[in-house]
Amino acid sequence: MKADPAVQRQLLELAKVDAELSRTAHRRRTLPEIAEIDAGEKTVRERRDALVSVQTAASDLDREIARQEKEIESVRARGDRDRKLLESGSVAAKQMTDIEHELNSLNRRQSALEDDLLELMERREALELDAQRTSAEVAKAENEVAEAVRRRDEHFTDLDTTKARRDEDRAKLLPRFPEDLMKLYERVRAQKGIGAALLRARRCGACQLDIDRREIAEIKAAPEDNVIQCENCGAILVRTLESGL
């Protein structure tokens, strides 16, 4: 393939633009905020799950407390009824003994239920504190994610601006190159990441490998309008006074 040496040298300008576009795309994919957001969202999900677990346990305990309070009220009401019977003096002596025995049993039962209720309420208080702590952790994690998203979006805006400018530069450069040269450039760039590079001091500017004497001799002997490719990486080698030929 042949191309005007001046046109070939302009490939270096295109390669520079494409290199910046590649760096911009890589930067966009690998912003530390992206990993931070992923980790933060995982933390938020974990904290929310923990909060739901605590809230569920508290709800279950509330039902248990309500059931316990209802049973205590039932025992208390029955005790009040028995005491009224005793105070009325309308019961026989044998029945009075049975009522007194039942009252003693009810008192013991009420005391045990109240002790259990106190324990339940202490557990409920602990769960409430746990829920408040976990809720604060959720809010903190959500705020950290929101901050990371804000920083990521700021970087995205800057990178998108850079990309738009380089895309515009590229669009201005493309008409300068013949179609067959661009097809070669794009094919090499798609495969190796760099389509063209300066041959400087007998070294390929794309793969940074020294070119052996045989190849250098062939390049030196080739006409200036020959399109030369690096045997190592395939990049189009652009010859200038810096090439050391």
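Keep in mind it's a predicted model, so treat the numbers as computed, not measured. In every chain, residue numbers begin from 1 and rise along the written sequence. For a predicted model such as this one, the threshold for reporting local features is a pLDDT of at least 70, and the threshold for listing and counting side-chain atom pairs is 80 or more; totals across whole chains, interfaces and linings nevertheless cover every residue. Note: side-chain values were computed over all heavy atoms of the structure, leaving out hydrogens and water.

Caption draft 1: Spotlight on the UniProt feature "domain: CT398-like coiled coil hairpin" (unreviewed entry) in the chain. The positions that UniProt labels "domain: CT398-like coiled coil hairpin" (unreviewed entry) are, in the present scheme, residues 14–193. Think of it this way: any DSSP run of H or I at least four residues long counts as a helix, any run of E at least two long counts as a strand, and we number them from the N terminus. Annotation note: span residues 14–193, helix share 94%, strand share 0%, distance between end C-alpha atoms 13 Å. UniProt positions are given in the numbering used here, feature names are shortened, and annotations may be inferred rather than shown by experiment.

Caption draft 2: Up close: the confidence of the model for the chain. Per-residue confidence from the predictor is given as pLDDT, running between 0 and 100. Residues with a pLDDT of 70 or more make up 100% of the chain, whose mean pLDDT is 93. Confidence scores differ between elements of the chain, with helix α5 (residues 213–221) showing the lowest mean pLDDT of 90 and helix α1 (residues 5–30) the highest of 96.

Caption draft 3: Structural context of unusual backbone geometry. Not every positive phi belongs to a glycine, and A201 is a case in point at roughly 50°. Tracing the backbone through its elements, the reader meets A201 in the loop between β1 (196–200) and β2 (203–204). Residue A201 is classed as exposed on the basis of its relative accessible area, which comes to 55%. Positive phi, normally seen in glycine, also occurs at Q208, with a value near 65°. Inspection of the secondary structure puts Q208 in the loop between β2 and α5. Residue classification places Q208 among the partly exposed positions, given a relative accessible area of 44%. Burial classes: relative accessible area under 20% of the type maximum marks a residue as buried, over 50% as exposed, and values in between as partly exposed (1.4 Å probe, protein chains only).

Caption draft 4: Region of the structure containing the packing of aromatic side chains. Centres within 6.5 Å make a pair out of two Phe, Tyr or Trp rings, where for Trp the six-membered ring is used; the pair is then stacked when the planes are under 30 degrees apart, edge-to-face when over 60, and tilted otherwise. What the rule picks out here adds up to 0 aromatic pairs. By definition here, charges over rings are those cases where NZ of Lys or CZ of Arg is within 6 Å of the ring centre and within 35 degrees of the ring normal. Lying over the aromatic face of F156, R28 brings its terminal NZ or CZ to 3.8 Å of the ring centre.

Caption draft 5: The side chain of Q68, seen in detail. For Q68, the location among the structural elements is in helix α2 (residues 32–88). Residues adjacent in sequence count toward polar contacts only when both atoms are side-chain atoms; beyond that, a polar contact is any pair of N or O atoms within 3.5 Å, and within protein one must be able to donate a hydrogen and the other to accept it. Only 3.1 Å separates the side chain of Q68 from the side chain of R67, close enough to count as a polar contact. A polar contact is formed between the side chain of Q68 and the backbone oxygen of L113, at a distance of 3.3 Å. By the convention used here, residues are in contact when the closest approach between their heavy atoms is within 4.5 Å. In contact with Q68, other than residues within four places in its own chain, are L113, D116, L117 and L120.

Caption draft 6: Region of the structure containing the side chain of R124. Inspection of the secondary structure assignment puts R124 in helix α3 (residues 93–173). Within the local environment of R124, its side chain forms a polar contact with the side chain of D62, the two groups lying 2.6 Å apart. Among residues more than four places away in sequence, those in contact with R124 are A58, L61, D62 and I65.

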